[in-house]
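# A structural walkthrough
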Amino acid sequence: MRTSIRRPAVLAASAVAALSLTLTACGGEDGSKDNGAAASVSAEQGTSGSSGGGSSSNGGVGTTGSTTTGSGTTGSTTTGSVTSTGSVTSTSGTSTGTVVQATAKKKATAKAPACTVNDVKISAAKQAGLPTTHITLTATNISGHACTLLQYPLLGFGDLPQTSKDVPAVTKSKPGTPIVLNAGTPAYAAVRINNGGVDEKNHAVSSFYVNLFAADGPAEGSKTVAAPKGGIAVDDAAAKTGYWTYELRNGADEF
């Protein structure tokens, strides 16, 4: 296609050269003016051919038209404009795609229902150090679908869930985003059970109750969780719980 665009430009250049020789032979001031007019006509023809050739072949026209003042400049400017426009369109398309993907991800997260006590398996383990002052709760999603673990575990260290004292949550441990568990994935919560040492307020616990939050408040029902091997000593007045989180964090889950 570039060859078909070059040929008319070459013929036009040849015609200009022949016309220039004829006018020179005639001589005189009028001949000089006619020669200038012919050159102007030739420039217009080159420019017209460049515009009609299409943006995909402007490079060839610009090279041939360089013999006539202004033709090469016009071709270069047109080509630059088309390239710039294509770049802006590409950037806009990429940005739009990113926004769509981010929005879809947020919608998928928002649709995950609250986890129930039947959706998760909860276990307890002692944290390092003696005496044992903290335990870690692990809640693993066994439901087969994604669910959202809301707020913090509702704990009862008494003989019955209804008579157990509520264990308050530590505000600084609250994560910045909802804890959405895919099937098979865990979340954790740190729990302080006493202040350490021997205290008459401590009472031995071999199992305790855990309940979860629903969207509108504490859910109905609870799950009995076995205490770590050897049992734990709980001071109800000192007990506190952290929020559910993907992993225990320095500072936020130290209390």
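Every chain begins its residue count from 1, and numbering advances along the sequence as written. Residues qualify for local features only when their pLDDT is at least 70, as the model is predicted, and side-chain atom pairs are given and counted only at 80 or more; totals for whole chains, interfaces and linings, by contrast, use all residues. Side-chain numbers here rest on the full set of heavy atoms in the structure, without hydrogens or water.

## Section: the state of the cysteines
To be explicit about the condition: Working definition: a disulfide is two cysteine sulfur atoms within 2.5 Å of each other. Think of it this way: any DSSP run of H or I at least four residues long counts as a helix, any run of E at least two long counts as a strand, and we number them from the N terminus. Exposure categories follow from relative accessible area, calculated using a 1.4 Å probe and restricted to protein chains: below 20% of the type maximum is buried, above 50% is exposed, and the middle band is partly exposed.
All chains considered together, the criterion is met by one disulfide. Linked covalently through their sulfurs, Cys 115 and Cys 147 form a disulfide whose S-S length is 2.0 Å. Taking the sign of the torsion about the S-S bond as the criterion, the disulfide between Cys 115 and Cys 147, at about 90 degrees, is right-handed. Remark: Cys 147 occurs in strand E3 (residues 147-149) and Cys 115 occurs in the loop between helix H4 (71-110) and strand E1 (120-126); sequence separation between them is 32 residues. The exposure class assigned to Cys 147 is buried, which follows from its relative accessible area of 0%.

## Quick notes on the pattern of salt bridges
Just so we agree on the cut-off: The term salt bridge refers to a pairing of a side-chain nitrogen on Lys or Arg with a carboxyl oxygen on Asp or Glu at a separation within 4 Å.
Using the criterion set out here, one finds one salt bridge in the structure. The salt bridge involving Arg 249 is made with Asp 253; its shortest N-O contact spans 3.0 Å. Among the residues examined, Arg 249 registers a relative accessible area of 24% and is labelled partly exposed. Asp 253 gets classed as buried once you look at its relative accessible area, which sits at 8%.

## Some points on the confidence of the model for the chain
What counts is decided by this rule: Looking at any residue, its pLDDT shows the predictor's confidence there, from 0 to 100. We call two residues in contact when some of their heavy atoms are within 4.5 Å.
Averaged over all residues, the pLDDT of the chain is 70; the fraction at 70 or higher stands at 56%. Contacts from residues 1-109, a stretch scored under 50 in pLDDT, to residues over four places away or in other chains number 32 contacts.

## Some remarks on the nonpolar core
Cut-off, in case you're wondering: Think of a nonpolar core as a cluster: buried Ala, Val, Leu, Ile, Met, Phe, Trp, Tyr and Cys residues, connected wherever their side-chain atoms sit within 4.5 Å.
Among the nonpolar cores identified, the biggest contains 29 residues, and Leu 149, Phe 157, Phe 208 and Ile 232 are the most heavily contacted of them. Looking at this core, the elements that each hand over two or more residues are E1, strand E2 (134-141), E3, strand E5 (179-181), strand E6 (186-192), strand E8 (207-211) and strand E12 (232-234). Ignoring sequence-local partners within four residues, the contact set of Ile 232 consists of Lys 126, Ile 135, Phe 157, Ile 193, His 203, Ala 204, Val 205, Phe 208 and Ala 227.

## Describing unusual backbone geometry
A cis amide bond links Leu 130 with the next residue in sequence, Pro 131, at an omega value of -5 degrees. You can see Pro 131 is positioned in the loop between E1 and E2.

## Some thoughts on the side chain of Asp 235
Under the convention used in this document: Under the convention used here, Asp and Glu are negative, Lys and Arg are positive, and both His and the chain ends fall outside the count. What qualifies as a polar contact is a pair of N or O atoms within 3.5 Å, subject to a donor-acceptor requirement within protein and to the restriction that residues adjacent in sequence count only when both atoms come from side chains.
Mapped onto the fold, Asp 235 is located in the loop between E12 and strand E13 (240-241). The side chain of Asp 235 is buried and forms no salt bridge, while Lys 201, the nearest opposite charge, is found at 5.7 Å. Polar contacts involving the side chain of Asp 235 include one to the main-chain amide nitrogen of Ala 237, which spans 3.1 Å. With near-sequence residues (within four places) excluded, Asp 235 lies in contact with Ile 193, Asn 194, Asp 199, Lys 201 and Asn 202.

## Remarks on the sheet that holds E13
Inclusion rule: Pairs of strands are assigned from DSSP output, requiring at least two bridges between the strands.
In spatial order, the strands read E1-E2-E6-E13; together these four strands make up an open sheet with antiparallel pairing. Every interior strand has two partners, whereas the edge strands, E1 and E13, have only one.

## As for the packing of aromatic side chains
For any pair of aromatic rings, the description rests on two quantities: the centre-to-centre distance and the angle between the ring planes. Let me state the cut-off plainly: A pair of Phe, Tyr and Trp rings is counted when the ring centres sit within 6.5 Å of each other, with Trp represented by its six-membered ring. The angle between the planes then sorts it: under 30 degrees is stacked, over 60 is edge-to-face, the rest tilted.
Inspection of the entire model under this criterion finds three aromatic pairs. Summarising the aromatic geometry, the rings of Tyr 152 and Tyr 243 are spaced 5.2 Å apart at their centres and angled 75 degrees between planes, so their arrangement reads as edge-to-face. Within this pair, whereas Tyr 152 is found in the loop between E3 and strand E4 (154-156), its partner Tyr 243 is found in the segment after E13, the two being separated by 91 residues in sequence. Here Tyr 152 falls in the buried class, since its relative accessible area comes to 16%. Assessed through its relative accessible area of 10%, Tyr 243 is described here as buried. Following the ring pairs from residue to residue traces out a cluster consisting of Tyr 152, Phe 213 and Tyr 243.

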